[in-house]
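For reference, the chains in residue letters:
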Amino acid sequence: MTVSRRAVLGASVAATTAVLTGCGRSPGSATPTWASPVGDAEPLASTPLASRAAPAPSAARSTKITAAAPYGARVTATLTKYLKPTSDNPKHPGYAGAVALVAQDGKAQFTTSVGHALRYGAGPVDLPAAKRVAMRTNSIFDLASLTKVYTAILTLQLVDQGKVALDAPIQRYLPDFTGAGKDKVTVAMLLAHTSALPVGAKVTGMADNTARWKSVMTTPLVSGGVPGTTFRYSSVGLMVLGRLVEKLTGKSLDKALRDNITTPLGLKDTGFQPLKWVSDRQRLVATDARTSRGLLRGTVHDDVCNILGGVAGHAGVFATAQDVAVIGQMLLNGGTYNGKRILSAATVKRMLTDVNKGKPAIDAERPGRSADHGLGVEINQPWFMGKLASPTAFGHTGFTGTSLLVVPARRQVIVLLTNRAHPNWSWSNPDTHRVAVHNAIAA
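Residues numbered from 1 in each chain as written. Predicted model: local features only at pLDDT ≥ 70, side-chain atom pairs only at ≥ 80, totals over all residues. Heavy atoms only, no water.

Overview of the overall build of the protein
Here is step 1: Helix and strand counts for the protein come out as 12 helices and 16 strands.
Here is step 2: Here the protein, with 443 residues, has 60% of them falling under the buried criterion.
Here is step 3: Long-range contacts, defined here as pairs at least 24 residues apart, represent 65% of the contacts in the protein between residues at least 6 apart.
Here is step 4: With an accessible surface of roughly 15,900 Å², the protein has 55% of that area assigned to carbon and sulfur atoms. (Helix = DSSP H or I, 4+ residues; strand = E, 2+ residues; numbered from the N terminus. Buried < 20%, exposed > 50% of the residue type's maximum accessible area, 1.4 Å probe, protein only. Contact = heavy atoms within 4.5 Å. Areas by Shrake-Rupley, 256 points an atom, 1.4 Å probe, with all protein chains shown as cover.)

What to know about the sheet that holds strand β10 (residues 317-319)
Here is step 1: What the 3 strands build is an open sheet, ordered β8-β10-β9; its pairing is antiparallel. Each edge of the open sheet is held by one strand with a lone partner, namely β8 (141-142) and β9 (271-272).
Here is step 2: Note that β9 and β10 share 2 bridges and pair antiparallel. Its bridge partner being in β10, Phe 272 is matched across the sheet by Val 317. (Pairing = 2+ DSSP bridges.)

What to know about the pairing of strand β4 (residues 107-118)
Here is step 1: Counting buried positions along β4 yields 11 of 12 residues, so the element is predominantly enclosed.
Here is step 2: Between strand β3 (residues 97-104) and β4, which pair antiparallel in sequence order, lie 2 residues; one of them, Asp 105, sits at a positive phi of approximately 55°.
Here is step 3: Inspection of the sheet shows β4 paired to strand β7 (residues 133-134) by 2 bridges, in the antiparallel sense. Residue pairing in the sheet places Leu 118 in a bridge with Val 133 of β7.

A few points about the side chain of Thr 287
Here is step 1: Of note, Thr 287 is situated in the loop between β9 and α8 (303-307).
Here is step 2: Overall, Thr 287 belongs to the buried group, its relative accessible area being 4%.
Here is step 3: Setting aside its immediate chain neighbours within four residues, Thr 287 contacts Asp 142, Leu 296, His 301, Thr 400, Ala 421, His 422 and Pro 423.

As for the nonpolar core
Here is step 1: Core analysis: the largest hydrophobic core is formed by 89 residues, its most contacted members being Leu 143, Ile 153, Ile 170, Met 351 and Val 415.
Here is step 2: Aside from chain neighbours lying at most four places away, what touches Val 415 is Val 99, Ala 100, Leu 101, Ala 321, Val 324, Ala 325, Ser 403 and Leu 404. (Core = buried A, V, L, I, M, F, W, Y, C linked by side-chain atoms within 4.5 Å.)

Topic: the packing of helix α5 (residues 209-217) against helix α6 (residues 235-249)
Here is step 1: Taken N-terminus to C-terminus, the directions of α5 and α6 make an angle of 120°; their axes are 10 Å apart at the nearest point. One finds that α5 runs oblique with respect to α6. Considering only the axes of α5 and α6, their crossing is left-handed. Along its contact with α5, which presents Trp 213, Val 216 and Met 217, the element α6 presents Val 236, Met 239, Val 240 and Arg 243.
Here is step 2: Taken together, the residues of the contact of α5 with α6 sort by class into 6 nonpolar, no polar and 1 charged. (Axes fitted to C-alpha atoms, helices over the stretch in contact; angles between N-to-C directions. Parallel < 35°, antiparallel > 145°, perpendicular 65-115°, else oblique. Left-handed = near helix turned anticlockwise from the far one by under 90°. Nonpolar A, V, L, I, M, F, W, Y, C, P; charged D, E, K, R; others polar.)

Description of the pattern of salt bridges
Here is step 1: Throughout the structure, instances matching the rule amount to 18 salt bridges.
Here is step 2: The shortest N-O distance in the salt bridge between Asp 354 and Lys 357 comes to 3.7 Å.
Here is step 3: Residues participating in the shared-partner salt-bridge network are Asp 363, Glu 365, Arg 366, Arg 369, Glu 378, Asp 431 and Arg 434. (Salt bridge = Lys/Arg side-chain N within 4 Å of Asp/Glu carboxyl O.)

Things to note about the packing of aromatic side chains
Here is step 1: Enumeration over the complete set of coordinates arrives at 5 aromatic pairs.
Here is step 2: Consider the rings of Tyr 71 and Phe 110, whose centres lie 6.0 Å apart with planes at 90°: the pair is edge-to-face. Here Tyr 71 is found in the loop between β2 (47-48) and α2 (72-81), whereas its partner Phe 110 is found in strand β4, with 39 residues between them in sequence.
Here is step 3: Overall, the relative accessible area of 4% leaves Tyr 71 in the buried class. (Phe/Tyr/Trp six-rings, centres within 6.5 Å; stacked < 30°, edge-to-face > 60°.)

Quick notes on helix α3 (residues 147-160)
Here is step 1: With 14 residues, α3 should reach 20 Å at 1.5 Å per residue; the first-to-last C-alpha distance of 20 Å fits that figure.
Here is step 2: Most of α3 sits out of view: 13 of its 14 residues are buried. (Expected span 1.5 Å × (residues − 1).)

Overview of unusual backbone geometry
Here is step 1: Residue Pro 124 is reached from Gly 123 by a cis peptide bond, and omega for that bond is -5°.
Here is step 2: You can see Pro 124 is positioned in the loop between β5 (120-121) and β6 (125-126).
Here is step 3: Cis geometry is adopted by the peptide bond preceding Pro 423, which originates at His 422 and carries an omega value of 10°.
Here is step 4: Within the secondary structure, Pro 423 sits in the loop between β16 (412-418) and α12 (430-442).
Here is step 5: The backbone of Asp 105 sits at a positive phi, close to 55°, despite the residue not being glycine.
Here is step 6: Here Asp 105 is to be found in the loop between β3 and β4.
Here is step 7: A relative accessible area of 44% places Asp 105 in the partly exposed class.
Here is step 8: A positive phi angle is found at Gln 273, which is not glycine, with a value near 45°.

This is the structure we're talking about:
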């Protein structure tokens, strides 16, 4: 039987045997009332992403739309609409707040923020206006599964260095990746989600992280699954690749990210465990507000990553829209950004090539989806790209309501970060918002 990611995510962590990415908690019972949303549109000057400073908290807010961004008014109106219940999401707002950024030809053309970074307290309860925190364009979000893109880049750096072969079995590098049929799983299959690994791994009820990681590495393939034949989204695969990065770099994953991606690119607002490095806590965007873990703000939303200590290959990275856009621009540039080469052009080309063409896809949430996928990125997926989907468009989504979309034909990088999991991830379908925003840009 096929089990959807959303079904797994909705199960209790204590009860499920295969808890995955995203929070595995049941919906809260409180029904807050809605107050008027806060809007904030801040068009940016057409400056290179690398040189743009984040706006100060006291920066003047404006609803002006620059001539360079003709879609700006549509995007802002679309984002504002989902701050309240809508016909396609009638019971709850789509999210408490959101940030959108569009870069054109390597320059930030438009950015906007709406709503609140913090709207609800634990319970959840609707906070009084004085205690809410407005969303800012430099707010720091829990990226959830966008983390997988960073892990993929770190893995592909090892390919560039000759330390890893994409067609090699992962067991060559990680002998503890054991289980029936797993000797056939290659590095490329993990990146393309064709490994036949399940969505998640059991990490609860164990004494320490050594036992938890052993459970991850020994997670069995799905019943009847044949590696290399079928797309099945698997967070386990990226957890395994995170371990590969750690072993071959000799660094913990958070330090490998710092030394090999964020420092070279000058990304000061990207990293795991933000409570250790964010000085202005008002920039942190809240996610869950239910009582099982209380209000989450700066603590990873994904239960498995949290249990593992907040650092894993499938989830746990926090960042601003500005920093996420740099990752998209680096890939659009063929592996370089601001004079720094992160990946070789040949590796980027391979990364952004559909390696699953013609293969079936099993996805209970999106039964009409295709298997199209590169080495760490989704390709040509209308379910979140909307009218911007094309054979060369690539990107990724995150369970908390985040997404990155790169459209080479338009020379655009589009980042949409929402806190749709605040206060309760079951309140809305984030694909609805993604498609609406991308269609507004495409119109």
